[in-house]
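So you can see what is in the structure, the chains are spelled out below.
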Amino acid sequence: LFIDEYDSFVNKLLFTDMEQYKEFLKQNTIIHEFASVIKSALTGNYSAVSKIFIVGVSPVAITDIIGELNTLENISLYPQFYDLVGINNKELLDI
């Protein structure tokens with residue numbers, strides 16, 4: 001399962017209206033329900049999904065909005081994946 005830009009709507013709130021962001025986190029939103037479905041699909045002997053790749057901007061947002069997926073591993077912290085999931089030194093210097 002591949003999910004791209006899972007956090008685009010949340011980042012808008014996070015960086016523009018912190019109070020609205022906090023209020024959003026208190027609600028049981030469709031994103032929370034979706035995360036629960038994904039977690040169910042990942043677990044068990046006959047799981048429907050064997051791997052999941054989630055792409056977003058903010059690792060804070062993923063822990064805040066889809067904490068149900070607490071078994072995920074953030075591979076952006078591993079040097080061997082820097083070119084795949086992050087910005088490398090050359091790209092940063094070119095900006």
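Notes on the structure follow. (Residues numbered from 1 in each chain as written. Predicted model: local features only at pLDDT ≥ 70, side-chain atom pairs only at ≥ 80, totals over all residues. Heavy atoms only, no water.)

### Observations concerning the overall build of the protein
- When helices and strands are tallied, the protein shows 6 helices and 2 strands.
- Counting across all 95 residues of the protein, residues that qualify as buried make up 24%.
- Accessible area for the protein stands at about 7100 Å²; split by element, carbon and sulfur atoms hold 58% of it. (Helix = DSSP H or I, 4+ residues; strand = E, 2+ residues; numbered from the N terminus. Buried < 20%, exposed > 50% of the residue type's maximum accessible area, 1.4 Å probe, protein only. Areas by Shrake-Rupley, 256 points an atom, 1.4 Å probe, with all protein chains shown as cover.)

### With respect to the packing of aromatic side chains
- Counting across every chain of the model gives 1 aromatic pair.
- Their ring planes at 10° and their centres at 5.5 Å tell us that Phe2 and Phe53 sit as a pair that is stacked. Here Phe53 lies in strand 2 (residues 53–55) and Phe2 lies in strand 1 (residues 2–4), a separation of 51 residues in the sequence.
- Judged by its relative accessible area of 52%, Phe2 is exposed.
- The class for Phe53 is partly exposed, based on a relative accessible area of 30%. (Phe/Tyr/Trp six-rings, centres within 6.5 Å; stacked < 30°, edge-to-face > 60°.)

### Observations regarding the pattern of salt bridges
- This model, assessed by the stated rule, comprises 1 salt bridge.
- Of the charged contacts in the structure, one is a salt bridge between Lys90 and Asp94, with a shortest N-O distance of 2.8 Å. In this pair, Lys90 and Asp94 both sit in helix 6 (residues 89–94), 4 residues apart, roughly one turn of the helix. Asp94 carries the same exposure label as Lys90, and that label is exposed. (Salt bridge = Lys/Arg side-chain N within 4 Å of Asp/Glu carboxyl O.)

### Comments concerning the environment of Gln20
- Within the secondary structure, Gln20 sits in helix 2 (residues 18–26).
- In the structure, Gln20 is positioned 10 residues away from Val10 in sequence and 10.0 Å away in space, judged by C-alpha atoms.

### Structural notes on the nonpolar core
- The biggest cluster of nonpolar side chains holds 6 residues, and these are Val10, Leu13, Leu14, Tyr21, Phe24 and Ile31.
- Counting residues per element, the ones that place at least two in this core are helix 1 (8–16) and helix 2.
- Counting residues per element, this core draws most heavily on helix 1, at 3 residues. (Core = buried A, V, L, I, M, F, W, Y, C linked by side-chain atoms within 4.5 Å.)

### Observations concerning the packing of helix 1 against helix 2
- Where helix 1 contacts helix 2, the two axes come as close as 6 Å, and the packing angle between them is 135°. With respect to helix 2, the axis of helix 1 lies oblique. Every residue of helix 2 that contacts helix 1 at Phe9, Val10, Leu13, Leu14 and Thr16 is listed here: Met18, Gln20, Tyr21 and Phe24.
- Residues belonging to the contact of helix 1 with helix 2 are distributed by class as follows: 7 nonpolar, 2 polar and no charged. (Axes fitted to C-alpha atoms, helices over the stretch in contact; angles between N-to-C directions. Parallel < 35°, antiparallel > 145°, perpendicular 65-115°, else oblique. Contact = heavy atoms within 4.5 Å. Nonpolar A, V, L, I, M, F, W, Y, C, P; charged D, E, K, R; others polar.)

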